[in-house]
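# Notes for the structure review
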Amino acid sequence: QVQVVESGGALVQPGGSLRLSCAASGRVRSIVVMGWYRQAPGKEREKVATISRSGAITYGDSVKGRFTISGDNAKNSVYLQMNSLKPDDTAVYYCLVVGTFETYWGQGTQVTVSS
């Protein structure tokens, strides 16, 4: 069994910063990609950022230049540094773990950007 646990969500003012963390544990076989998606109320889930085991990175258009993804292969972990946060960034952020044969999602962590 695989556990994917996110942390770091919070209420933050516009213009502020947050750092999300995600760790995968258990019987994880050959992680290929880890990343972050988000879903706001009434909207579809969208890609925020992904990072491959080899370090290749992609970002969603709405976060380019503001968010930075990083990973620690030894710890099966991925991080998301979010700067210059906007109210439109308010959403539940989900961690994604893609293995050779399986895909796993975390339970989500709430990020709310509001004054």
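Residues numbered from 1 in each chain as written. Predicted model: local features only at pLDDT ≥ 70, side-chain atom pairs only at ≥ 80, totals over all residues. Heavy atoms only, no water.

In terms of regular secondary structure, the chain is built from zero helices and 11 strands. In the chain, the succession of α and β elements from N to C terminus is β-β-β-β-β-β-β-β-β-β-β. Relative to the compact-globule value of 13 Å for 115 residues, the chain shows a C-alpha radius of gyration of 13 Å, a close match. Principal-axis analysis of the C-alpha atoms places the extent of the chain at approximately 40 × 25 × 25 Å. Taking all 115 residues of the chain together, the buried fraction comes to 39%. Contacts spanning at least 24 positions in sequence make up 52% of the contacts within the chain whose residues lie at least 6 apart. Of the roughly 6,100 Å² that the chain leaves accessible, carbon and sulfur atoms contribute 49%. Distance from the positive charge centre (12 side chains) to the negative charge centre (8 side chains) of the chain: 5 Å. (Helix = DSSP H or I, 4+ residues; strand = E, 2+ residues; numbered from the N terminus. Rg over C-alpha atoms; globule rule 2.2 N^0.38 Å. Buried < 20%, exposed > 50% of the residue type's maximum accessible area, 1.4 Å probe, protein only. Contact = heavy atoms within 4.5 Å. Areas by Shrake-Rupley, 256 points an atom, 1.4 Å probe, with all protein chains shown as cover. Lys, Arg positive; Asp, Glu negative; His and termini not counted. Charge placed at Lys NZ, Arg CZ, Asp CG, Glu CD.)

This paragraph deals with the environment of I31. The residue I31 is located in strand 4 (residues 31-39) in this model. By relative accessible area, I31 is classed as buried at 9%. Counting along the chain gives 45 residues from I31 to N76, while the straight-line C-alpha distance between them is 7.9 Å. Contacts of I31, omitting those with residues within four sequence positions, involve A24, R53, N76, V97, V98 and G99.

Enumeration according to the criterion identifies four salt bridges in this entry. We note a salt bridge from R38 to E46, for which the minimum N-O separation is 2.6 Å. Linking R66 and D89 is a salt bridge whose minimum nitrogen-to-oxygen distance equals 2.8 Å. Remark: D89 occurs in the loop between strand 8 (77-82) and strand 9 (91-99) and R66 occurs in the loop between strand 6 (57-59) and strand 7 (67-72); sequence separation between them is 23 residues. You'll find R66 and D89 in the same group, each marked buried. The structure contains a network of salt bridges with shared partners spanning R38, E46, R66 and D89. (Salt bridge = Lys/Arg side-chain N within 4 Å of Asp/Glu carboxyl O.)

Another aspect to go through is the pairing of strand 7. Two strands pair when backbone bridges link them, and strand 7 and strand 8 are joined in this way by six bridges, in the antiparallel orientation. Within strand 8, the residue paired with I69 across the bridge is L80. (Pairing = 2+ DSSP bridges.)

Okay, the state of the cysteines next. For the structure shown, the criterion picks out one disulfide. One disulfide bridge connects C22 with C95, the sulfur atoms lying 2.0 Å from each other. Every disulfide takes its handedness from the sign of the S-S torsion; for C22 and C95 that torsion is -85 degrees, giving left-handed. With a gap of 73 residues between them, C22 in strand 3 (residues 18-26) and C95 in strand 9 connect regions that are remote in the sequence. (Disulfide = S-S within 2.5 Å.)

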